[in-house]
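Chain and residue survey
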Amino acid sequence: MARETIEALFEENRRFPPPADFAAGALVNTPAAYAEASGDPRAWWAAQAETLEWRRRWEHVLDWSDAPFARWFTGGTLNVTESCLDRHVRSQPDKVAFFWEGEPGDTRTITYAELHAEVCRFSSALSQLGVRKGDRVAIYMGMVPELPVAMLACARLGAAHTVVFGGFSAEALSDRISDTAATVLVTCDGAWRSGQVVPLKEMADEALEGGTTIQSVVVVQRTGHGAKMSDGRDVWYHDVVADQPDQFPAVECASEDLLYLLYTSGTTAKPKGIVHTCAGYLLGTAVTHRLCFDLKPDDVYWCTADIGWVTGHSFVVYAPLANGATSVIYEGAPQHPDRDRFWAIVERYGVSKLYTAPTAIRTFMKWGRQLPDRHDLSSLRLLATVGEPINPEAWMWYHEVIGGGRCPVVDTWWQTETGQLMIAPLPGLTETKPGSATFPLPGIAADVVDESGRSVPLGRGGYLVITEPWPAMARSLYGDPDRFVETYWSRFSRPEEGRWVYFPGDGAKRDSEGYYWLLGRVDDVMNVSGHRISTMEVESALVDHEAVAEAAVVGRSDDRTGQAIAAFVTLEGDRVGDESLMAQLREHVSKKIGKIARPASIVFTDDLPKTRSGKIMRRLLQDISEKRQLGDVTTLANSDVVHEIAQRAATQQDEN
Ligand code: PRX
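These remarks concern the structure in this document. Please read these numbers as outputs of a predicted model, since none were measured by experiment. (Residues numbered from 1 in each chain as written. Predicted model: local features only at pLDDT ≥ 70, side-chain atom pairs only at ≥ 80, totals over all residues. Heavy atoms only, no water.)

Here the focus is unusual backbone geometry. With an omega dihedral of 5 degrees, the bond running from Ala67 to Pro68 counts as a cis peptide bond. Locating Pro68 in the fold gives a position in the loop between strand E1 (60-63) and strand E2 (71-74). For the bond from His336 to Pro337, the omega torsion is -10 degrees, close enough to zero to count as cis. Inspection of the secondary structure assignment puts Pro337 in the loop between strand E17 (326-330) and helix H13 (341-349). The backbone of Phe73 sits at a positive phi, close to 55 degrees, despite the residue not being glycine. In this structure Phe73 comes out as buried when scored by relative accessible area, which is 0%. Unusually for a residue other than glycine, Lys627 sits at a positive phi of about 55 degrees. Following the sequence through the fold, Lys627 ends up in the loop between helix H20 (618-625) and helix H21 (640-650). (Helix = DSSP H or I, 4+ residues; strand = E, 2+ residues; numbered from the N terminus. Buried < 20%, exposed > 50% of the residue type's maximum accessible area, 1.4 Å probe, protein only.)

What follows is the structure, encoded as structure tokens:
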């Protein structure tokens, strides 16, 4: 696949300089920032750090002596909510922080003063429930204003939040609760999605069955469909915040105190708890948000990501608030009640900066341009994307149909682990090419290397690496520092020479002008609609079903979702692989992980292609799934089986 992608991209010669009027008014329209930052990146980040609100100024910009465990801004203290709220309450209390729109059409407008007061009330309530600095609070909610409030209330207390995406299953929630030993869970009775109630409280109850570390559950009433409350454990959000003071002192935290944990998929079945700390994270997200979105005081900014993912953490909550921006939050699905909901929202609020995912753009393309054409989208000034490589056709459609040909398109490459944007254009300066994330941002040092870690010449592909630490980088994996080193820092680093190189797991190519073209994952991680899912995680969910003997999962290209999950399953004894079992298996994966991990296709087979040493050859399954010529089968112990699987796969229909 990588090879084909490279060839396809070679043909991409269209280029888009920043529109002259946009460039003229842009925050950055000269290359000076790159020059300054590359001369002395730490000094550059230190200068940027003046834009945060500190209690005590830092002593050292970076302590890298315990690499790869970074410590940024050591000696400094702050509370991130003072940068996100208090200082704006002093300077612009009535500025809107969030225009919130519920899926059924109800709306709320929340100013900085109101958001600050609500966060204070909930901090006070959490404190009365026993939450203290250093504790962990689990959050399992839909996209309601109380979700950012809950995160910020934790941050104000110095407690770490761990948000679990509302689309994840009860089991996924329960795993994360046990890994973090969270003591309080904040949830909703339900969430609105496509006109239906997602019964979050019921799923939370299931996650808590059998006893966990959770002592209290705070429930936001959203859908009012009659969630059951458990005496002595569950309390309503509206009850616990009533009568709380609208001031609550922010707890002083060290720069490196834990801000949050967020779980993400890796190459094994066990999700990794990514550790983000206070100062560096806030700085990295705020600076890259300001520069890449060319953020202006009168902007109305909308990032469509769910807060349950890192994009929502960084670019719905922390960065926009640190920058004092006005954001839109939409609760529900893009097709509800009609497929033009996004464009109606852009028109209604006068959105000027829009941040969404390529998979969404491809869906909108399929639905047709008549939907956006019904709306006045002239308020838009900049469009951005994240989550997966954007194919040039989708980039062009976004640029022309949504942006009317006048808005720079900012493709942002980054990860849960990087916290902040890493490779992306500066919209007032960078000439873009459809499908390229362009260049590493000021203060970021990247490279493309071969197997042995040597930089490859321009025009060639290889492994993307980051060669210098950056402020919002993950500090570790929660409770598993060895896995942190092993996963990200062992492949290309040379510790004996003091050289630490971060390996994100992505392939990339640089063209003859040094533009970066991301080529997808090089490990066993799939990217479905911009969400990372591990093949191992889905395999172990399948094998967990009593009918399944063995399972292999690969990600295959899909026009809409980027990749789709293709599963190959052998069954126990005399079990028959029919439609009903297929449905059961999909449901089983849904229950173990969440709906997003359901295989799009399942092929039942008598055997899986294996090497003589018994290793499953996923590469061949990938060839089959993508209907490619089969690769070398001579190393297989059972070469007949691949042809049989190929035949069965050819007659399969996708579901989902
Ligand atoms: O493979 C890359 C892809 O998404 C991965 C990170 O996933 P996650 O941690 O869930 O964060 C998603 C939102 C930041 C990366 O390793 N990816 C993300 N953005 C891009 C991308 N691939 C290509 N181009 C992008 N703009």
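And the narrative resumes.
Among the nonpolar cores identified, the biggest contains 163 residues, and Leu115, Phe122, Tyr318, Tyr355, Val538 and Val569 are the most heavily contacted of them. Summarising the domain contributions, this core has at least three residues from each of domain 1 (20-431) and domain 2 (522-650). Apart from the residues lying within four places of it in its own chain, the contact partners of Phe122 are Val149, Ala150, Ala153, Val186, Val218, Tyr237, Val240 and Val241. (Core = buried A, V, L, I, M, F, W, Y, C linked by side-chain atoms within 4.5 Å. Domains from an automatic or database assignment. Contact = heavy atoms within 4.5 Å.)

Buried residues dominate strand E28 (residues 562-571), accounting for nine of its ten residues. Hairpin connection from strand E27 (residues 548-558) to E28: three residues lie between these consecutive antiparallel strands. Sheet topology places E28 next to strand E29 (residues 601-604); four bridges connect them, and they run parallel. The residue bridging Ala566 from the neighbouring strand is Ser601, located in E29. (Pairing = 2+ DSSP bridges.)

In the vicinity of the ligand lie 17 residues, with Asp411, Thr412, Thr416, Arg521 and Arg532 positioned nearest. In the model, a nitrogen atom of the ligand is placed 3.0 Å from a nitrogen or oxygen of the Gly387 main chain. The separation between an oxygen atom of the ligand and a polar side-chain atom of Asp506 is 2.8 Å. In isolation the ligand offers 540 Å² of accessible surface; the protein chains occlude 97% of this area. Of all the secondary-structure elements, those providing two or more residues to the shell around the ligand are helix H12 (310-322), strand E20 (409-412) and strand E24 (516-521). (Near = heavy atom within 4 Å. Polar contact = N/O pair within 3.5 Å; in protein donor to acceptor, adjacent residues only side chain to side chain. Areas by Shrake-Rupley, 256 points an atom, 1.4 Å probe, with all protein chains shown as cover.)

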